[in-house]
Amino acid sequence: MRLDGFGLLVEDMAKMIRFYRDVLGFEFKEAEDTSNVYLVKDGTLFLLYGRKDFEKMTNRRYEYIKGLNGHSEIALYVDTFEEVDVAFKNAVENGATPVLEPELEPWGQRTCYIADPEGNLIEIGSWNKLFEEKDAGR
């Protein structure tokens, strides 16, 4: 098997589409009124599924945590430490919830955390290296 993409089950599809498209720069592939929305970020498929539509499709009810949650995270990479700070500032100014301001971690990564409108965690980090070089030597 190969990873094709990943997704989130969402309550407010239009709000979540606007956040990922307008705040984080995901490329939008569908109309806002569909039950399954495809977005792409740097060649990775990112899916948003309407919770009610998914429940109807699977004929089951699910539990959903409201507010900030720590079930998973989406990790985004930028090439420089400075870009971490700029991305954090821009995201928060455009509606992201700040979770952890940018800081240099003991392992050498500069990282920060924000949350999307439904409380899903998003990490923005950098090793101060180009993306293509970040894993060399680790």
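Relevant structure appears above.
Residues numbered from 1 in each chain as written. Predicted model: local features only at pLDDT ≥ 70, side-chain atom pairs only at ≥ 80, totals over all residues. Heavy atoms only, no water.

Caption draft 1: Expanded view of the sheet that holds strand β4 (residues 44–50). In space, the 4 strands of this open sheet follow the order β1-β4-β3-β2, with mixed pairing throughout. Only two strands of the sheet have a single neighbouring strand rather than two, namely β1 (5–10) and β2 (27–28). Inspection of the sheet shows β1 paired to β4 by 6 bridges, in the parallel sense. Considered in β4, the bridge of Val10 is made with Gly50. Running over the sheet, helix α1 (residues 13–23) touches β1, β2, β3 (36–41) and β4 and is turned about 160 degrees from β4. Relative to the sheet, helix α2 (residues 51–58) contacts β1 and β4, its axis offset from that of β4 by approximately 80 degrees. (Pairing = 2+ DSSP bridges. Helix = DSSP H or I, 4+ residues; strand = E, 2+ residues; numbered from the N terminus. Contact = heavy atoms within 4.5 Å. Axes fitted to C-alpha atoms, helices over the stretch in contact; angles between N-to-C directions.)

Caption draft 2: Seen up close, the sheet that holds strand β7 (residues 110–115). Strand order in the open sheet formed by 4 strands is β5-β8-β7-β6, and the pairing between neighbours is mixed. Two strands bound the open sheet, and with one partner strand each, they are β5 (73–77) and β6 (97–104). Averaged over all pairs of adjacent strands, the angle between strand axes in this sheet comes to 15 degrees, irrespective of strand direction. Bridge analysis of β6 against β7 gives 5 bridges, and the strand direction is antiparallel. Each residue of the ladder has a partner; that of Leu104, found in β7, is Arg110. Across the sheet, helix α3 (residues 81–93) lies against β6, β7 and β8 (121–126), angled at about 15 degrees from β7, the strand it touches most.

Caption draft 3: Region of the structure containing the packing of aromatic side chains. Within this structure, the stated rule accounts for 8 aromatic pairs. Judged by centre distance (4.8 Å) and plane angle (50 degrees), the rings of Tyr20 and Phe46 are tilted. Of this pair, Tyr20 sits in helix α1 while Phe46 sits in strand β4, placing them 26 residues apart in sequence. Judged on exposure class, the residue Tyr20 and its partner Phe46 are both buried. Through a chain of ring-to-ring contacts, three or more aromatic side chains come together here, namely Phe6, Phe19, Tyr20, Phe26 and Phe46. Sitting over the ring of Phe28, Arg21 keeps its end group 5.3 Å from the ring centre. In this structure, Lys134 is placed above the aromatic ring of Tyr77, and the distance from its NZ or CZ to the ring centre is 5.5 Å. (Phe/Tyr/Trp six-rings, centres within 6.5 Å; stacked < 30°, edge-to-face > 60°. Buried < 20%, exposed > 50% of the residue type's maximum accessible area, 1.4 Å probe, protein only. Lys NZ or Arg CZ within 6 Å of the ring centre and 35° of its normal.)

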